[in-house]
Amino acid sequence: MIPANLISKKRDGHHLNKDEINSFFNGYLSQVVTDAQMSAMLMAIYFNGMNDDETFSLVNVMLNSGTILKFPQSNSYICDKHSTGGVGDKVSLILAPIVAAAGIKIPMIAGRGLGFTGGTVDKLESIPGFDVSPDLDIFKQWVEKSGYAIMSQSNEICPADKKIYDLRSKTGTVSSIPLICGSIMSKKIAEGISGLALDIKIGNGTFMKTKEEAIKLGSWMEKIGKAFNIKTDLTYTNMDQPLGRFAGLSCEIKEAIECLKGNGPDDLMTVTLELGSKLLLQSGAATSRSDAINLQTEIINTGRGLKSFENSVETQGGRLDKFDSENKPKHEAFIYPEKPGIITNMNTESIGWSLVELGCVMKNNNDILDHTAGMEFLRKTGDQVKHNEPICRIFCSNEKKLDTVSRSLSSAIIIGEDHPRNNPIIY
Ligand code: URA
């Protein structure tokens, strides 16, 4: 295999066959293909896309780069949920403990920050001691013990996604349907699950900005799920503004805990309960959508969801008793509207990049995340704003970064005079 030859072939709009995809992607893992060559290939795929055969070959090579989990001993329904990425998207952190409390098992492989979107694994690492890189035998024991566990891709499971995910994030090659399919579906199939609820986000704060693109991505993932015998349900949800009240790292864990205490904001809870319902229906734990919503509400109201979260954090070594004291931001600033009026639009991607700047996503290999960093959205789209009332609070532990972001953020929140036509939260 000559890497440059395959890159040129893809660059010029030709299709790669299965052997070529296997040798290039496996070559990346064995370091025959360099980061520079993989970056060029990712960009060629980004611009030229992949046909059916290429996309399936990509999923297969990424899946088979590591172990595929099996749970032969388990009598429980084994499933998972995954989102295509957004800002303030902490649904997994709330859904997993609730669904696990209903007797379902979730072996979740999640990612770090990707492009301008935050990562579940980075958020969880703000809990002192929380281990996201266990051996797979330990991971399976955790799932059995707590009902769910969350880990990152590793050298054992989905190593190809681990390496390529990082590179995509740093090379502007995230928003590609075949690359997203390869990344998400290889992780989900490797979990050994029978069912999957996919949250396909649409809007200015995710990788698929239009309904048409999102539907194309959703259909692709559904087709791959079916081919691997996974019952795959799609939910299309709105990402035209950050989800919930907070976006960042530890602040999203805090908000997830509030949701499990019954104090969650409407948009976030609507998405969480809708996706949770899909899994409860698949498993037979609920027989109708309203039954599934009631069951989840009862799990929250009786404190079983919070208990499930606390058990899982403890199992993974996390110290919630040290969480608050280790996540106090040193600095904060308030953003005021440029004029009184109504928030007509939030440029959510730009808000996401501001979060990257604050230290919530790695920009380069040696970056250290600031777990204290984040934003609180005091007003959102459609809200009336006054000159002297802040619309957003920004916090982190690096004063210079806070200053830079504070100066640029207000241009991402557009104030007008007329009420905007808000899209629904679930499409
Ligand atoms: N989430 C993933 O795991 N991968 C992607 O490519 C996008 C979202």
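Refer to the structure above for everything that follows.
Position numbers for residues count from 1 along each chain, tracking the sequence in the order it is written. Confidence filtering applies because this is a predicted model: local features only for residues at pLDDT of at least 70, side-chain atom pairs given and counted only at 80 or more, and all residues used for totals across whole chains, interfaces and linings. Only hydrogens and water are set aside when side-chain values are computed; all heavy atoms of the structure are taken into account.

Draft legend 1. Layout of the packing of helix α4 (residues 52–63) against helix α9 (residues 177–190). Helix axes use the C-alpha atoms of the stretch in contact, all axes being lines fitted to C-alpha atoms, and the angles between their N-to-C directions lie in the range 0 to 180 degrees. Counting from the N terminus, the helices are the DSSP runs of H or I reaching at least four residues and the strands are the DSSP runs of E reaching at least two. Orientation of α4 relative to α9, taken along the N-to-C sense of each, is 45 degrees, at an axis distance of 8 Å. The angle between α4 and α9 falls in the class oblique. For α4 against α9, the interelement crossing comes out right-handed. Contacts from Thr55, Leu58, Val59, Met62 and Leu63 of α4 reach α9 at Pro178, Leu179, Cys181, Gly182, Ser183, Met185, Ser186, Ile189 and Ala190. Here is the rule for angles: anything less than 35 degrees is roughly parallel, anything more than 145 is roughly antiparallel, 65 through 115 is roughly perpendicular, and the remaining ranges are oblique. Left-handed describes a crossing whose near helix is turned anticlockwise from the far helix by less than a right angle; the clockwise case is right-handed. In this analysis, two residues are considered to be in contact whenever any of their non-hydrogen atoms come within 4.5 Å of each other.

Draft legend 2. Just the pairing of strand β3 (residues 148–152), in detail. Burial status follows relative accessibility: with a 1.4 Å probe on protein chains alone, a residue under 20% of its type maximum counts as buried, one over 50% as exposed, and anything between as partly exposed. The buried count for β3 comes to 5 of 5 residues, which makes it a mostly enclosed element. Neither face of β3 is open: one carries Tyr148, Ile150 and Ser152, the other Ala149 and Met151, and all of them are buried. Looking at chain direction, strand β2 (residues 106–110) and β3 are connected through 5 bridges and run parallel. Residue pairing for β3: Ile106 is matched across the bridge by Tyr148. Only strands that DSSP links by at least two bridges are regarded as paired with each other.

Draft legend 3. Structural context of the sheet that holds strand β4 (residues 195–202). Pairing in this open sheet of 3 strands is parallel, and the strands run β1-β4-β5 from one edge to the other. At either end of the open sheet lies a strand with only one pairing partner, and these are β1 (79–83) and β5 (231–238). This sheet shows a mean twist of 15 degrees between the axes of neighbouring strands, independent of strand direction. When β4 meets β5, the two strands line up parallel, connected through 8 bridges. The residue of β5 that forms the bridge with Asp199 is Thr235.

Draft legend 4. Just helix α12 (residues 266–283), in detail. Any helix carries an expected span of 1.5 Å times its number of residues minus one. Here α12 is 18 residues long and its end C-alpha atoms lie 26 Å apart, about the 26 Å a rise of 1.5 Å per residue gives. Counting buried positions along α12 gives 14 out of 18 residues, so the element sits mostly inside the fold. Positive backbone phi, at 90 degrees, marks Gly284, one or two positions downstream of α12.

Draft legend 5. Local environment of unusual backbone geometry. Residue Cys158 is not a glycine yet carries a positive backbone phi of 55 degrees. In this fold, Cys158 is placed in the loop between β3 and α8 (159–171). With a relative accessible area of 0%, Cys158 lands in the buried category.

Draft legend 6. The arrangement of a nonpolar patch on the surface in detail. A patch is a set of surface residues, each over 30% in relative accessible area and not in a salt bridge, joined within 9 Å for like charges and within 5 Å for the nonpolar side chains Val, Leu, Ile, Met, Phe, Trp and Tyr. Working definition of accessibility: Shrake-Rupley area with a 1.4 Å probe, residue cover restricted to the visible protein chains. Salt bridges are identified by distance alone: a Lys or Arg side-chain nitrogen within 4 Å of an Asp or Glu carboxyl oxygen. Taken together, the side chains of Met43, Tyr46 and Phe47 present a nonpolar region at the surface, about 300 Å² in accessible area. Take Phe47: it is sitting in helix α3 (residues 35–48). Given a relative accessible area of 61%, Phe47 falls into the exposed group.

Draft legend 7. Focus on the site of the ligand. One heavy atom within 4 Å of a molecule or strand makes the whole residue count as near it. Taken together, the neighbourhood of the ligand is formed by His82, Ser83, Thr84, Leu114, Tyr165, Arg168, Ile180, Ser183, Ile184 and Lys187. Contact between the ligand and His82: an oxygen atom at 3.0 Å from a side-chain N or O atom of the residue. The contact in question runs from a nitrogen atom of the ligand to an N or O atom on the side chain of Ser183, over 2.7 Å. Detection works on a 1 Å grid of protein atoms alone, calling trapped sets that fit a 1.4 Å probe cavities and calling open sets with protein on both sides within 12 Å along at least five of seven lines pockets, with lining residues defined by an atom within 4 Å of a point. To qualify as sitting in a cavity or pocket, a molecule needs more than half of its atoms within 2 Å of the grid points. Structurally, the ligand is housed in the largest cavity. Among the secondary structure elements, those contributing two or more residues to the shell around the ligand are β1, α8 and α9. Per-element tally for the shell around the ligand: the top contributor is α9, with 4 residues. By the convention adopted, Pro, Cys, Tyr, Trp, Phe, Met, Ile, Leu, Val and Ala count as nonpolar, Lys, Arg, Asp and Glu as charged, and the other residues, Gly among them, as polar. Split into classes, the residues belonging to the shell around the ligand amount to 4 nonpolar, 4 polar and 2 charged. For the purposes of these results, a polar contact is taken to be a pair of N or O atoms within 3.5 Å, where, inside protein, one atom must be able to donate a hydrogen and its partner to accept one; residues adjacent in sequence count only when each atom of the pair is a side-chain atom.

Draft legend 8. Broad picture of the side chain of Lys10. Turning to its location among the elements, Lys10 is positioned in helix α1 (residues 3–11). Lys10 sits in the buried class, given a relative accessible area of 1%. In this view, Lys10 contacts His15, Leu16, Met41, Ala44, Ile45, Asn48, Gly49, Met50 and Glu54; residues no more than four positions away in its chain are not counted.

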